[in-house]
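Geometric and topological summary
These are the residues of each chain, in order.
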Amino acid sequence: MPPKRKRAEDATSDAATKATRASARLRSNDVDTNPASAAASNDPGAQVDPAPAAKKAKRANTKAAKTRKTNSKARNEQHEPSPNEGASTSRGNSASQEPNKAAQKANGPEPYSDARAKQLFKTYEDPDTPGEIGPEGFEKLCTDLDISLEGALPLVLAWQLHGSEMAKFKEDEWMKGTGELRISSLSALSLAIRDLEDLLLLDKPPIQPPSGAGVPAKKRAAAQYDSTDPYNRQKYYQYAAKKDKAYTELYSFCFGLAKPPTGRNIDMDTASAFWSVLVAPKFPIMNDILKFIAEKGTYKGVNKDLWNMTLEFCRSVQPDLSNYEADGAWPTMLDDFVEWKKASPGAPADQIVEVA
């Protein structure tokens, strides 16, 4: 019988050990949530009731969870806009974005201003000659416009801004030209010059007026300035309606630009340079005329009649001279050119003539 008693004692000891461990865990939980319970657990003589401690811990955890849920809901309500508030914010954002969208849509040169046009002139004004852009300023202007001094664009620029001397602008000429074109920025000026290059020198299709659908060309050309254009294209539309006349106007202007104020002729070197950029790209026969002039080397000057008749010759005579008429009353230089070309190596047999 003693062994049975020993097993009973062992069972009692195991149960006591488990109860002690459970009580310790409950006390640990109670310490976290109840300071009074923690103080009691430090008292060796204090009796701890596990059940009440567990209930207190459960109630504390439930209360904390409710508090967290309430705080979270309050934060959401604080940051969630009302329908009216959201609509107002959306309208505000939309309104603030409208100017940006308009600016991006325009994305072009700034509107014209007399003050800006004058300030642009001052940028290139000769410091030693107030009221004038000299050769150095003209060269810098062409550089900033990204146009070559060796091409035709400086001549187109002078034409549009009413220049009266080579590589120079007076302030009144500048203000008159930029005022007509409604241009006060380099970007707009560059665009206007290149538009005319495309139209008159490269023979590209003309730009059509924005609201010109169904309107006759003459009426479109006479229309008022359209503010949707990057500059005033009224003159451009007039040029496009009569391209040959516009090109002749440019060509005639260049003679007056190159002629000395007191002279009647321009020197052959200047004339040849102008012909090479104004006429040769449009009329291939001009290249042969320039070759002839360089080879002969006897022609020193060009008067107004020779200047005008050279363009007419290039317009009317085929490069192979098949429609050339000897009695056409051409200037002597052009008659000499015809004889030279017909006698040149490679000329068709029926065009070879003996030159005295």
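Residues numbered from 1 in each chain as written. Predicted model: local features only at pLDDT ≥ 70, side-chain atom pairs only at ≥ 80, totals over all residues. Heavy atoms only, no water.

**Describing the overall build of the chain**
Each helix and strand counted, the chain has 16 helices and four strands in total. Put simply, the chain has 356 residues, and 33% of those count as buried. Considering only residue pairs separated by 6 or more positions, the chain has 65% of its internal contacts joining residues 24 or more positions apart. In the form shown here, the chain has an accessible surface area of approximately 22000 Å², with 51% of it arising from carbon and sulfur atoms. (Helix = DSSP H or I, 4+ residues; strand = E, 2+ residues; numbered from the N terminus. Buried < 20%, exposed > 50% of the residue type's maximum accessible area, 1.4 Å probe, protein only. Contact = heavy atoms within 4.5 Å. Areas by Shrake-Rupley, 256 points an atom, 1.4 Å probe, with all protein chains shown as cover.)

**Brief notes about unusual backbone geometry**
What is expected of a backbone is that most residues other than glycine have negative phi and most peptide bonds are trans. Positive phi is not limited to glycine here, since His 162 has a value of about 60 degrees. By the secondary structure assignment, His 162 is in the loop between α7 (153–160) and β2 (169–170). For Asp 203, which is not glycine, the phi dihedral falls at a positive 55 degrees. Mapped onto the fold, Asp 203 is located in the loop between α9 (186–201) and α10 (217–221).

**Concerning the packing of aromatic side chains**
Tallied over the entire structure, the rule returns 16 aromatic pairs. Centre to centre, the rings of Trp 275 and Trp 307 are 5.6 Å apart; their planes meet at 15 degrees, and the pair counts as stacked. Linking Trp 275 in helix α13 (residues 268–278) with Trp 307 in helix α15 (residues 304–316), this pair joins segments that are 32 residues apart in sequence. Judged by relative accessible area, Trp 307 falls into the buried class, the value being 0%. Note on Phe 292 and Phe 337: the rings are 5.9 Å apart at their centroids and 65 degrees apart in plane angle, and the pair reads as edge-to-face. Taken together, the positions of Phe 292 in helix α14 (residues 285–296) and Phe 337 in helix α16 (residues 332–343) put the pair 45 residues apart, joining distant regions of the chain. (Phe/Tyr/Trp six-rings, centres within 6.5 Å; stacked < 30°, edge-to-face > 60°.)

**Description of the packing of helix α11 (residues 234–241) against helix α12 (residues 243–258)**
At a minimum axis distance of 5 Å, the contact between α11 and α12 shows a crossing angle of 115 degrees. In terms of their interaxial angle, α11 and α12 are classed as roughly perpendicular. Where α11 abuts α12, its residues Tyr 239, Ala 240 and Ala 241 lie against Lys 243, Ala 246 and Glu 249. Considered class by class, the residues forming the contact of α11 with α12 number four nonpolar, no polar and two charged. (Axes fitted to C-alpha atoms, helices over the stretch in contact; angles between N-to-C directions. Parallel < 35°, antiparallel > 145°, perpendicular 65-115°, else oblique. Nonpolar A, V, L, I, M, F, W, Y, C, P; charged D, E, K, R; others polar.)

**Concerning the nonpolar core**
Ranked by size, the top nonpolar core spans 73 residues in total, and within it Leu 157, Trp 275, Leu 278, Trp 307 and Phe 313 carry the most contacts. A total of nine residues in this core trace back to one element, the largest contributor, which is α12. If near-sequence neighbours (up to four positions away) are discounted, Trp 275 is found in contact with Tyr 251, Met 268, Ala 280, Met 286, Leu 290, Ile 293, Val 302, Trp 307, Thr 310 and Met 333. (Core = buried A, V, L, I, M, F, W, Y, C linked by side-chain atoms within 4.5 Å.)

**Structural notes on the pattern of salt bridges**
What the rule picks out here adds up to 12 salt bridges. Close ionic contact of Lys 118 with Glu 171 constitutes a salt bridge, the shortest N to O distance being 3.8 Å. On the criterion of sequence distance, the pair formed by Lys 118 in helix α5 (residues 114–124) and Glu 171 in helix α8 (residues 171–181) is long-range, its members being 53 residues apart. Here Lys 118 falls in the partly exposed class, since its relative accessible area comes to 40%. Taking the relative accessible area as the measure of exposure, Glu 171 reaches 19% and is therefore buried. Between Lys 140 and Asp 144 there is a salt bridge, and its shortest N-O distance comes to 3.1 Å. You can see Lys 140 and its partner Asp 144 sitting in helix α6 (residues 135–144), four residues apart, about one turn around the helix. With a relative accessible area of 42%, Lys 140 lands in the partly exposed category. Its relative accessible area of 35% is what places Asp 144 among the partly exposed residues. Ionic contacts of the salt-bridge type, sharing partners, join the residues Glu 165, Lys 168 and Lys 170 into one network. (Salt bridge = Lys/Arg side-chain N within 4 Å of Asp/Glu carboxyl O.)

**What to know about the side chain of Thr 178**
Take Thr 178: it is sitting in helix α8. Take Thr 178: its relative accessible area is 2%, and that puts it in the buried class. A polar contact of 3.4 Å, which involves the side chain of Thr 178, links it to the backbone oxygen of Met 175. Those residues within four positions of Thr 178 in sequence are excluded, and the remaining contacts are Tyr 112, Ala 117, Leu 161 and Ile 183. (Polar contact = N/O pair within 3.5 Å; in protein donor to acceptor, adjacent residues only side chain to side chain.)

**Let's talk about α6**
Of the positions making up α6, those classed as buried are Gly 137, Phe 138, Leu 141 and Cys 142. Buried positions in α6, seen along its axis, are confined to an arc of 140 degrees and lie on one side of it. Residues Glu 136 and Thr 143 are exposed on α6 and point more than 90 degrees away from its buried face. Those residues of α6 hidden inside the fold are in contact with α5, β1 (132–133), α7, β2, α8 and α9. Looking one or two places after α6, you find Asp 146, whose phi comes out positive at around 60 degrees. (Arc of directions from axis to C-beta.)

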